[in-house]
Amino acid sequence: MATLLQLSRLIDRMSELIGKSVAWLVLAAVLISALNAAVRKAFNTSSNAYLEIQWYLFAAVFLLAAGYTMLRQEHVKIDVISGRFTKRTQVWIDIIGLAFFVLPLVYTVIHLSLPLAIRSYVMNEYSSNAGGLIRWPVFALLPLGFLLLGIQAISELIKRIAFLKGLVPDPTQKPQGKTAEEELADFLKQKEVAARDEAALRAKP
Amino acid sequence: MMEFIGANMAPIMFISLIVFLLFGYSVAFSLGACGLFFGVIGVEMGLMPQTLLQALPLRIFGIMQNDTLLAIPFFTFMGLILERSGMAEDLLDTIGQLFGPIRGGLAIAVILVGAMLAATTGVVAASVISMGLISLPIMLRYGYDRRLASGVIAASGTLAQIIPPSLVLIILADQLGRSVGDLYKGAFIPGFVLTGLYLLYVVIVSVLRPEWAPALPPEARTIREDSGAAGLRSLGVLMVVSVACAIVFAKTRPDNTPTDELIVVSMCVGVGIAFLLSVVNKMLKLGLLSRMAERVTFVLIPPLALIFLVLGTIFLGVATPTEGGAMGATGALVMAFARRRMDMKLMRQAMDSTMKLSCFVLFILIGSTVFSLSFQAVDGPIWVEHLLTSLPGGQLGFLIVVNILIFLLAFFLDFFELSFIVIPLIGPVAEKLGIDLVWFGVLLAVNMQTSFMHPPFGFALFYLRSVAPMNDYDDKITRKRVAKVTTGQIYWGAVPFVIIQIIMVGLIIAFPKLVSSGLGKEPTVDVDKAFQQMQTAPRQSTGGDPAPAPGSGASGAQPAAPDSQGKSDDDAMKSLLEGFKRDADKKP
């Protein structure tokens, strides 16, 4: 089990690293799209390559981040019923979900999409649009993204089994401690609310 | 036994879906697993073709190529940057001080600012948190009824769901196979009417129960002249001048200018004049404008500029919604830099949150695609259609049942889940019944807005709870003890607004004209999608007509029926012609 937990930590670090790097593609997509729109209006020219790179980037963002999103427990659940169960039952639900929902889906998608990506690579396929981009990298994103998801699912599985054995703390806690909303609230309290209270105090006759 | 299963595969699959979802594992994977499970069983039993799942990668590639969905990360990113820029807080502060001294004024300010934030940031959580931190303490300080105060804040925050550019409209447009621009245009008037209904409610309350919404004492104003005057006169003059300029400008436009263009451009001129006057006044130190007039102008400029940059360009047809989102996000970045609010931490956080949101949303879509692949193979959509078309009352009966269904489901599901699971099932039926899908989408969006306000799971209530005072505290300004806000007060506060929401749904059904529909649009044929559909169609259908693929929004490949509304037979031709004229005008 110790070896497995080590493996799980390694996987978590990898997903974390990939997630942090892929996040920059969001900014890239925003800037390229805005630039493309501005250039299209100003000079009335556009290239399919710029249009295509946008969705290439977006596809890369959501597929490559799948493992990271799972690490961060951000794939939403309907916990109307399961929220009432004990922690152990909830962890069992996760284990069943990971083993029988996620992994078969991951296997199916990789099994079906990998041949397409390989064929596209071998045939050196290009987009059918004039000036379009080479196709195989975006085809390859699909099996790659699901592979990362599957690897992370294995790590989550290890953590949950270890939890049931009492080896690790609760893995269903969100790791970063604070949610984005809590951070926003803290930020506003520090900056905005304090400044306004002060103004009100000063203005008080 | 096997025959029974074979004959009733669709209802069995549907009930299993509910079981899978309630099981409590991630929605995206539960959907996918349910589809996969029945796909394998179906193939084994010989109910589905061997090659059924072969279509799956192509469907997912279709999702990856979807230009509409690209708008999701752009608008999310824009909202996340804006929520830290201080724009919301400045607006709440200034507009609150402007309206505060009249009865119910603070509540009115919250609603107005909520609508303005909805048209820019579009993040319900951010709006509710800002209002809960800035406006709620002031309302409590001066003795507002707690239920009214919390209800107004939660409801105004949810306006982000209906006023464009909202994510739910993007997703509905994709799922219903209509253009995002049309849904945005359609949702504009209902969004304003809804804001108006909220305002009306506050006004009625402040007349009937003055003690629930007291006016602020004049000394609560921190923005005032040295003499102590409020400085409203010069604000009034400035407003009259800029409105007059806008109207004069509008009159000089050629007669054939489309109305939406006229409104957008004239508003820009009016706001521009006000801004120019304020800048000149400040630079030359003329002292003609009061502090209040100056503050109001300067806080209104950033949101209005963003609204023009995003919605203005989309409505004028200059930019696609995706481009509008990208420009808005860039604009938000520029603004955050200009206000020195941008740092590495914020950038990382915004990118991170955007990525996670895009990922979970798109994976729900992938999951629902897997499900719909199997569901179509067992003729599920036909089963749903028979179920819904056999309702008494035709169109109206269908609308009432669907709305009640969505209203009830909204207690448990959020709008992402509703849009990806329920809409693909009912969308095609609505189209068969001759319902205009743009109108239908706006109607559902108003209904789904309640999912944020339903006690006890509504997100808006949850965020408000997280920032509303949990314990009694001493107010810093008045040095008086202020009681905490109880969870019960927050829940009860939301109830009148949920009722307003239901009234609005009724209004849209009664007066379909509220939604300016996209009639007269030329049918656009997306070659890529059509080709993809041709490739996948023979594989996915076993008998029956090849149903449009709900998961991929491929119905965009079908020419939109010009007169699909049925009710507006008389002037359909007229609006069709107008539409063509307008489109022709817009072509460069």
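Residues numbered from 1 in each chain as written. Chains lettered and ligands numbered in written order. Predicted model: local features only at pLDDT ≥ 70, side-chain atom pairs only at ≥ 80, totals over all residues. Heavy atoms only, no water.

Caption draft 1: Just the overall build of chain A, in detail. The secondary structure content of chain A amounts to six helices and zero strands. Ordered by position in the sequence, the α and β elements of chain A form the string α-α-α-α-α-α. In summary, chain A has a C-alpha radius of gyration of 23 Å against a globular reference of 17 Å for 205 residues, an excess of more than 25%. Taken along the three principal axes of its C-alpha coordinates, chain A extends 65 × 60 × 30 Å. Looking at chain A as a whole, 46% of its 205 residues qualify as buried. Contacts in chain A between residues at least 24 apart in sequence constitute 76% of all its contacts with a sequence separation of at least 6. (Helix = DSSP H or I, 4+ residues; strand = E, 2+ residues; numbered from the N terminus. Rg over C-alpha atoms; globule rule 2.2 N^0.38 Å. Buried < 20%, exposed > 50% of the residue type's maximum accessible area, 1.4 Å probe, protein only. Contact = heavy atoms within 4.5 Å.)

Caption draft 2: A nonpolar patch on the surface, seen in detail. All names here are of chain A. On the surface, a cluster of nonpolar side chains totalling about 500 Å² of accessible area is made up of M1, L4, L7, L10, I161 and L167. Top contributing element to the nonpolar patch by residue count: helix α1 (residues 2-43), with three residues. Inspection of the secondary structure puts I161 in helix α5 (residues 136-164). (Patch = residues over 30% accessible without salt bridge, like charges linked within 9 Å, V, L, I, M, F, W, Y side chains within 5 Å. Areas by Shrake-Rupley, 256 points an atom, 1.4 Å probe, with all protein chains shown as cover. Salt bridge = Lys/Arg side-chain N within 4 Å of Asp/Glu carboxyl O.)

Caption draft 3: Structural view of the interface of chain B and chain A. Tallying the contact residues gives 79 residues for chain B and 77 residues for chain A. Carbon and sulfur atoms supply 75% of the area buried between chain B and chain A, which totals about 7300 Å² over both sides. The largest share of the area that chain B buries against chain A comes from Y25, M64 and M355 of chain B, three residues that together contribute 10% of it. Where chain B packs against chain A, one counts two salt bridges. Among the ionic pairs, K356 of chain B bridges to E74 of chain A, the shortest N-O distance being 3.8 Å. Counting across the chain B and chain A interface gives five residue pairs in polar contact (both at pLDDT 80 or more). Among the elements that make up the side of chain B that touches chain A, the one with the highest residue count is helix α16 (residues 344-377) of chain B (19 residues). Taken together, the residues of the side of chain B that touches chain A break down into 47 nonpolar, 15 polar and 17 charged. (Buried area = accessible area lost by both parts, 1.4 Å probe. Polar contact = N/O pair within 3.5 Å; in protein donor to acceptor, adjacent residues only side chain to side chain. Nonpolar A, V, L, I, M, F, W, Y, C, P; charged D, E, K, R; others polar.)

Caption draft 4: Region of interest: the pattern of salt bridges. Inspection of every chain in the model, using the stated rule, returns 20 salt bridges over all chains. Notably, a salt bridge pairs K20 of chain A with E16 of chain A, separated by 2.8 Å at the nearest N-O pair. With K20 of chain A and E16 of chain A both in helix α1 and four residues apart, this pair spans about one turn of that helix. The exposure class assigned to K20 of chain A is partly exposed, which follows from its relative accessible area of 33%. Residue R178 of chain B pairs with E431 of chain B through a salt bridge whose shortest N-O separation is 3.3 Å.

Caption draft 5: Main features of unusual backbone geometry. Residue P165 of chain B follows P164 of chain B across a cis peptide bond; omega there is 0°. Here P165 of chain B is to be found in the loop between α9 (146-158) and α10 (167-176). Notably, N124 of chain A is not glycine yet its phi reads approximately 50°, a positive angle. On the secondary structure map, N124 of chain A appears in the loop between α4 (87-122) and α5. On the accessibility criterion, N124 of chain A (44% relative accessible area) is partly exposed. In the Ramachandran plot, R479 of chain B falls in the positive-phi region, its phi being about 55° despite a non-glycine side chain. On the secondary structure map, R479 of chain B appears in the loop between β1 (473-474) and β2 (481-482).

Caption draft 6: Quick look at the nonpolar core. By size, the foremost hydrophobic cluster in this structure holds 244 residues, and its most contacted members are F62 and F146 of chain A together with F77, F363, F398, I426 and F440 of chain B. Top contributing element to this core by residue count: α16 of chain B, with 19 residues. (Core = buried A, V, L, I, M, F, W, Y, C linked by side-chain atoms within 4.5 Å.)

Caption draft 7: Inspection of the side chain of E156 of chain A at higher detail. Residue and element names in this part refer to chain A. Inspection of the secondary structure puts E156 in helix α5. According to the relative accessible area criterion, E156 is buried, its value standing at 2%. Discounting residues that sit within four places of it in the chain, E156 has contacts with M70, L71, Q73 and L98.

Caption draft 8: Spatial organisation of the packing of α9 of chain B against helix α21 (residues 459-467) of chain B. Residue and element names in this part refer to chain B. Two elements in contact, α9 and α21, have axes whose closest approach is 9 Å; the angle formed by their N-to-C orientations is 125°. Between α9 and α21, the angle is such that the two are oblique. Considering only the axes of α9 and α21, their crossing is right-handed. The segment α9 lies against α21, with S150, I153, A154 and T158 engaging A460, L461 and L464. Broken down by class, the residue content of the contact of α9 with α21 amounts to five nonpolar, two polar and no charged. (Axes fitted to C-alpha atoms, helices over the stretch in contact; angles between N-to-C directions. Parallel < 35°, antiparallel > 145°, perpendicular 65-115°, else oblique. Left-handed = near helix turned anticlockwise from the far one by under 90°.)

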